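Each chain is listed here by its residues.
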Amino acid sequence: MSRLEGKKPSLFTREPLTTVSQPLSLLIAILKSCYGPAGRLKQIHNGMGGYVCLTSQSSAILSHISVSHPVLKVLMASVQNHVSRFSDCGLFTAILCCSLIESFKNLNIASCTVIKISKHLLSLCTDYLKSEACGCRVSVDFSNLETLLCLVRSILISKPACMLNKTEVDHLAVLIVKAFMFTVPCHPETKPILGKCVTVPVKGRRVLDSAVIPGLLIETPEVQFAKLFSVKRSNSDNVKVAVFCVSMSGDLFGPEEGTLTVHHGVSLEMSELDQLLNVGKQLVNDEVGLVVCQKVIHPSLKKYLKDNHVIAVDRAGLSVMEPLSQVTGSKPIASIYSLSPSCYGSLKDVCAKSFASKHFVHLIPNDTVVCSLVLCNRNETIWDELKRACETAEHVLQLTLKEPLALLGGGCTETHLASYLRQKICCLSTSSSKDVDCSQSQYQLIADAFCHSLESVACSLSHDDGEIITDMAYGHCWLVPSGFPSVSNWSDLLLKCGCGINSSTKDLSWRHLQPLFGSPPIESCPKEPSIKVADFMALDCFAAKYNGLQVAVETANLILDLSCIIEDQN
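As recorded in an unreviewed UniProt entry, the chain goes by Molecular chaperone MKKS and comes from Phasianus colchicus. Per UniProt, the comment on the chain under Function (unreviewed entry) is "Probable molecular chaperone that assists the folding of proteins upon ATP hydrolysis. Plays a role in the assembly of BBSome, a complex involved in ciliogenesis regulating transports vesicles to the cilia. May play a role in protein processing in limb, cardiac and reproductive system development. May play a role in cytokinesis."

Visitor: Which residues make up the overall build of the chain, and what values go with them?
Guide: Regarding its fold elements, the chain presents 16 helices and 20 strands. By residue count, 50% of the 570 residues in the chain fall in the buried class. Long-range pairs, those at least 24 residues apart, make up 75% of the contacts in the chain with a sequence separation of at least 6. As displayed, the chain offers around 27,200 Å² of accessible surface, 54% of which is attributable to carbon and sulfur atoms.

Visitor: Please provide a residue-by-residue account of helix α3 (residues 70–86), values included.
Guide: Compared with the 24 Å implied by 1.5 Å per residue over 17 residues, the 25 Å span of α3 between its first and last C-alpha is a close match. For α3, the full list of buried residues reads Pro70, Val71, Leu72, Leu75, Met76, Val79, His82, Val83 and Phe86. The secondary structure elements touched by the buried residues of α3 are α1 (21–34), α2 (58–64), α4 (90–105), α11 (380–402), α16 (542–560) and β20 (564–567). Among the residues trailing α3, Ser87 stands out with phi positive, at a value near 70°.

Visitor: Pulling in residues and values, what's your account of the packing of aromatic side chains?
Guide: Counted by the stated rule, this structure contains four aromatic pairs. Between Phe142 and Phe180, the aromatic rings sit 6.4 Å apart at their centres with planes inclined by 40°, giving tilted as the arrangement. In this pair, Phe142 is assigned in the loop between β4 (137–139) and α6 (145–157) and Phe180 in helix α7 (residues 166–183), connecting sequence segments 38 residues apart. Overall, Phe142 belongs to the partly exposed group, its relative accessible area being 22%. Residue classification places Phe180 among the buried residues on the basis of a relative accessible area of 2%.

Visitor: How would you sum up the pattern of salt bridges? Please name residues and give values.
Guide: The tally for this structure, following the rule as stated, stands at 17 salt bridges. One salt bridge connects Arg378 with Glu168, and the closest N-O pair in it is separated by 3.4 Å. Highlighted residues: Arg378 in the loop between β14 (370–377) and α11 and Glu168 in helix α7, separated in sequence by 210 residues. Taking relative accessible area as the criterion, Glu168 reaches 8% and is therefore assigned buried. Glu414 is the partner of Lys545 in a salt bridge, and the nearest nitrogen-oxygen pair spans 3.0 Å. A residue pair is termed long-range when its members are at least 10 positions apart, and Lys545 in helix α16 and Glu414 in helix α12 (residues 412–427) qualify at 131 residues.

Visitor: Break down the sheet that holds strand β11 (residues 345–347) for me, with residues and values.
Guide: Pairing is mixed across the open sheet formed by four strands, whose spatial order is β10-β9-β8-β11. Each having just a single partner strand, β10 (311–313) and β11 make up the two edges of the open sheet. The mean inter-strand angle of the sheet, taken between neighbouring strand axes irrespective of direction, is 25°. Relative to strand β9 (residues 288–293), strand β8 (residues 239–244) is paired through five bridges, and the arrangement is parallel. The residue of β9 that forms the bridge with Phe244 is Cys293.

Visitor: Before we move on, can you summarise empty space enclosed by the protein with the specific residues and values?
Guide: It is the rolling of a water-molecule-sized probe over the atoms that shows where space remains empty. If you walk through the whole model with that rule in mind, you get three cavities of 30 Å³ or more. Of all the secondary-structure elements, those providing two or more residues to the lining of the second largest cavity are α7, β5 (196–203) and α11. Across the lining of the second largest cavity, the residue classes break down as six nonpolar, one polar and two charged.

Visitor: Describe in detail the nonpolar core, supporting the description with residues and values.
Guide: Core analysis: the biggest nonpolar cluster contains 125 residues, and Leu75, Phe104, Leu129, Phe450 and Leu549 have the highest contact counts within it. Taken domain by domain, the makeup of this core includes at least three residues from each of domain 1 (15–136 + 408–567) and domain 2 (141–215 + 374–403). The residues touching Phe104, leaving out its near neighbours within four places in the chain, are Val114, Ser118, Ile446, Ala449, Phe450 and Leu560. Membership of the second largest hydrophobic core comes to 22 residues, among which are Leu216, Val313, Ala316 and Val369.

Visitor: How would you summarise the sheet that holds strand β15 (residues 405–408) if you had to cite specific residues and measurements?
Guide: Pairing in this open sheet of three strands is antiparallel, and the strands run β4-β15-β19 from one edge to the other. The sheet is open, and its two edges are formed by β4 and β19 (539–541), each paired on a single side. Each strand of the sheet is rotated relative to its neighbour by a mean of 45°, with strand direction disregarded. Judged from the three bridges that link them, β4 and β15 form a sheet pairing that is antiparallel. Bridge pairing in β15 places Arg137 opposite Leu407.

Visitor: I'd like a rundown of the side chain of Lys42, residues and numbers included.
Guide: Topologically, Lys42 is positioned in strand β2 (residues 42–46). Look at Lys42: it is buried, it has no salt bridge, and the nearest opposite charge is Glu385 at 11 Å. A distance of 3.3 Å separates a polar atom in the side chain of Lys42 from the backbone oxygen of Arg40. Ignoring any residue separated from it by four or fewer positions in sequence, one finds Lys42 in contact with Ile30, Ser33, Cys34, Cys53, Leu54, Thr55 and Ile61.

About the thresholds
Residues numbered from 1 in each chain as written. Predicted model: local features only at pLDDT ≥ 70, side-chain atom pairs only at ≥ 80, totals over all residues. Heavy atoms only, no water. UniProt positions renumbered as here; feature names shortened; annotations may be inferred. Helix = DSSP H or I, 4+ residues; strand = E, 2+ residues; numbered from the N terminus. Buried < 20%, exposed > 50% of the residue type's maximum accessible area, 1.4 Å probe, protein only. Contact = heavy atoms within 4.5 Å. Areas by Shrake-Rupley, 256 points an atom, 1.4 Å probe, with all protein chains shown as cover. Expected span 1.5 Å × (residues − 1). Phe/Tyr/Trp six-rings, centres within 6.5 Å; stacked < 30°, edge-to-face > 60°. Salt bridge = Lys/Arg side-chain N within 4 Å of Asp/Glu carboxyl O. Pairing = 2+ DSSP bridges. Axes fitted to C-alpha atoms, helices over the stretch in contact; angles between N-to-C directions. 1 Å grid on protein atoms, 1.4 Å probe; cavity = no way out; pocket = protein on both sides within 12 Å on 5 of 7 lines; lining within 4 Å. Points joined across faces, edges and corners; volume = space filled by probe spheres on them. Nonpolar A, V, L, I, M, F, W, Y, C, P; charged D, E, K, R; others polar. Core = buried A, V, L, I, M, F, W, Y, C linked by side-chain atoms within 4.5 Å. Domains from an automatic or database assignment. Lys, Arg positive; Asp, Glu negative; His and termini not counted. Polar contact = N/O pair within 3.5 Å; in protein donor to acceptor, adjacent residues only side chain to side chain.

Here's what the structure looks like:
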């Protein structure tokens, strides 16, 4: 008998922010080193070996990093929730939140005052981003594919672990946009439902071998599907489909499912097989041409169906059941004892396809809302990273369809917002500080810290001792390669800003973005650049970055407001 222990008292920690400085600095160093196209990769594995993850993506890093400090647990949970909802801008959210906490913590101003002013500054940012006058916001026209391609390219380029060259990025960007277009209904209803893009893994092949196939591919080990075959059709010239989500293997009930009373001389195995064959006869009589089972089909039933020119595919798996229902219009059949013809679906055609050493049954629908992305890469680790990047890109396109806007990438949105805030604060009257019950100097200090935190995210894009500068006209971010003296004539060295919209000209004036406090000189409110879609190099998802900005500020405020932590030690 195990020894009973008394309950341990709860651990009470007063002023938790006083102990978070070191772990917070370590976390922000890890996150900043991953940020952007030149971000450093992280190899993540446990102490016992096993699966190794090579990545710079927030979705993988945050889910694999284990933190013990309660404050960091709150921060990580908040950012992970954002990533689960939007897929993109996870590192932006985490870096900004950490920078805000560090900057605000060093001000020695009452947390209640900091929270009030940061909420006010956040509202200025969100109002500006939502306004038509916003100089870092771009409208997305779905009739112009170049904007969509730029969104996808920006996501792929920002994932260095995918190890893609320009040709591969362009090829995949076209495929992802094409796959997304397949999932958009041709005849939108009041509440249209997007289709599904199913990723089919093919490892050990070139990225350029990737392809988008309209319809659904179901992998099968059967050799017969490596060759073309004829399929039984109904009177309407379509292929009638039956989808089963129950096992058709003929297995008996397990003891945990209850008890059965069996009469003397009755064979349960033969009774179950007879029922399966009766189902097969009904399927043949109903002119079903394709049977797909999530689990296993009994060999005798499979042979009976084959003899009657019905294609039987088993072991389809749970992951394809939802897209299978979408592509066929069928309802999964959950019992072999009740079979209703209303559950059947239909297809335009069924054929066989092969990629590398894999063989697939290709389900071709009448109306394409489901497609298969055959995703190729050289090895398993890189393929996993590429799959995450493609899923992020697909989700970003879905979010953009709902809200057709994008933000300038390459750090330009962050520096532009900081420039806008500084100009806006200078224009505000002293009543703004009185509204939040603080002095003008406190208001200015907190606003400077807020703007500095935004700019620190842009500075995280530099990983090779280069400098980050911003122009005083548009407030855009410019990356200066390492090796150039600080007194250089930047207009002669720089070609394009981070997002690629603005070109360097002689009349631009510059300032450095350094981790220093104090208000930089303000010339005027940042101008709106002349935006041409063809000039874009980097775009970010509006919905993801907008929400990330809110999450970062609100989480920082929540953490600043913590006065004590009570942990259960049992």
